[in-house]
Amino acid sequence: MGPDKNAENPVTKINKWDGSAVKNALDDAVKDVLTKKYNYIENFALLDGRLALCGIAIIVAIVALLCDYLYPFPASKPVLLVCVSLYFFLMALLTLYTAYKEKGIFIVAIERDPAGFNPDLVWEASSYLKRHDDKYNLVLSVRSTATGNVNETSVTKSVANFIDINGIVIPELIENVVTSMHDSLTNQRKEK
């Protein structure tokens, strides 16, 4: 008995009417292309920034909870005021971080030169899917760590191009689009 083909490529079935689930499934398929087909190394620094802000906010909430538990309300009022203010500030900071720093980026991948002579390239993929819309917008960009030059390409396609009528994501169709975008950016870099 040969190896099970589905063991390495599990079928992703989603509720095709749930826009958030559709976007996340397509994002995961794009991520798989960059990390598995091209063997790029995923960089988690962007996600780590968000997790650090959330972790600090949780610590502030725990301090407020413990202080209120150990010293009931009238005595804990100053600490609670500081903790609530800090928590509000951290949530505002988190909102700004996700809106202006992350900008919908769901993967940052590093392309290293096998020989080690050329500088690293940083690939970023971001997407958005408007509410009650079937248009999946994918943006792929590449940045050189040496020069800082950024090349970017985008595509907008209906989610029906990637998902069959049963709600199963077809990775080959997404791979074709991502490969085309990747090759376009690679050719742009070589022409410069």
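All values reported here derive from a predicted model rather than from experimental measurement. (Residues numbered from 1 in each chain as written. Predicted model: local features only at pLDDT ≥ 70, side-chain atom pairs only at ≥ 80, totals over all residues. Heavy atoms only, no water.)

(A) Up close: the overall build of the protein chain. In terms of regular secondary structure, the protein chain is built from 5 helices and 5 strands. Secondary structure of the protein chain in N-to-C order comes out as α-α-β-α-α-β-β-β-β-α. Radius of gyration (C-alpha) of the protein chain: 22 Å, far over the 16 Å computed for a compact globule of 192 residues. Along the longest, intermediate and shortest principal axes, the C-alpha atoms of the protein chain span 65 × 45 × 40 Å. Here the protein chain, with 192 residues, has 32% of them falling under the buried criterion. With the model as given, the accessible surface of the protein chain reaches about 12,600 Å², and the carbon-plus-sulfur share is 60%. A distance of 5 Å separates the average location of the 20 positive side-chain charges in the protein chain from that of its 22 negative side-chain charges. (Helix = DSSP H or I, 4+ residues; strand = E, 2+ residues; numbered from the N terminus. Rg over C-alpha atoms; globule rule 2.2 N^0.38 Å. Buried < 20%, exposed > 50% of the residue type's maximum accessible area, 1.4 Å probe, protein only. Areas by Shrake-Rupley, 256 points an atom, 1.4 Å probe, with all protein chains shown as cover. Lys, Arg positive; Asp, Glu negative; His and termini not counted. Charge placed at Lys NZ, Arg CZ, Asp CG, Glu CD.)

(B) Main features of unusual backbone geometry. For Asn39, which is not glycine, the phi torsion reads 55° and is therefore positive. Note on Asn39: relative accessible area 59%, which makes it exposed. At Lys103, a residue that is not glycine, the phi angle is positive and equals roughly 50°. Residue placement: Lys103 occurs in the loop between helix H4 (73–102) and strand E2 (105–111).

(C) Region of interest: the pairing of strand E4 (residues 135–144). By the criterion of burial, E4 is predominantly enclosed, with 8 of the 10 residues buried. One ladder, built from 9 bridges, connects strand E3 (residues 121–129) with E4; its direction is antiparallel. Across the sheet, residue Ser126 finds its bridge partner in E4, namely Val139. In sequence, E3 turns back onto E4 through a hairpin of 5 residues, with His132 there showing a positive phi of about 60°. Two strands pair when backbone bridges link them, and E4 and strand E5 (residues 150–158) are joined in this way by 9 bridges, in the antiparallel orientation. (Pairing = 2+ DSSP bridges.)

(D) Up close: the UniProt feature "transmembrane region" (unreviewed entry) in the protein chain. With numbering matched to this structure, UniProt assigns "transmembrane region" (unreviewed entry) to residues 51–73 and 79–100. Secondary structure within residues 51–73 divides into 91% helix and 0% strand; the distance between the first and last C-alpha atoms comes to 30 Å. Within residues 79–100, the helical portion is 100% and the strand portion 0%, while the C-alpha atoms at the span's ends are 31 Å from each other. (UniProt positions renumbered as here; feature names shortened; annotations may be inferred.)

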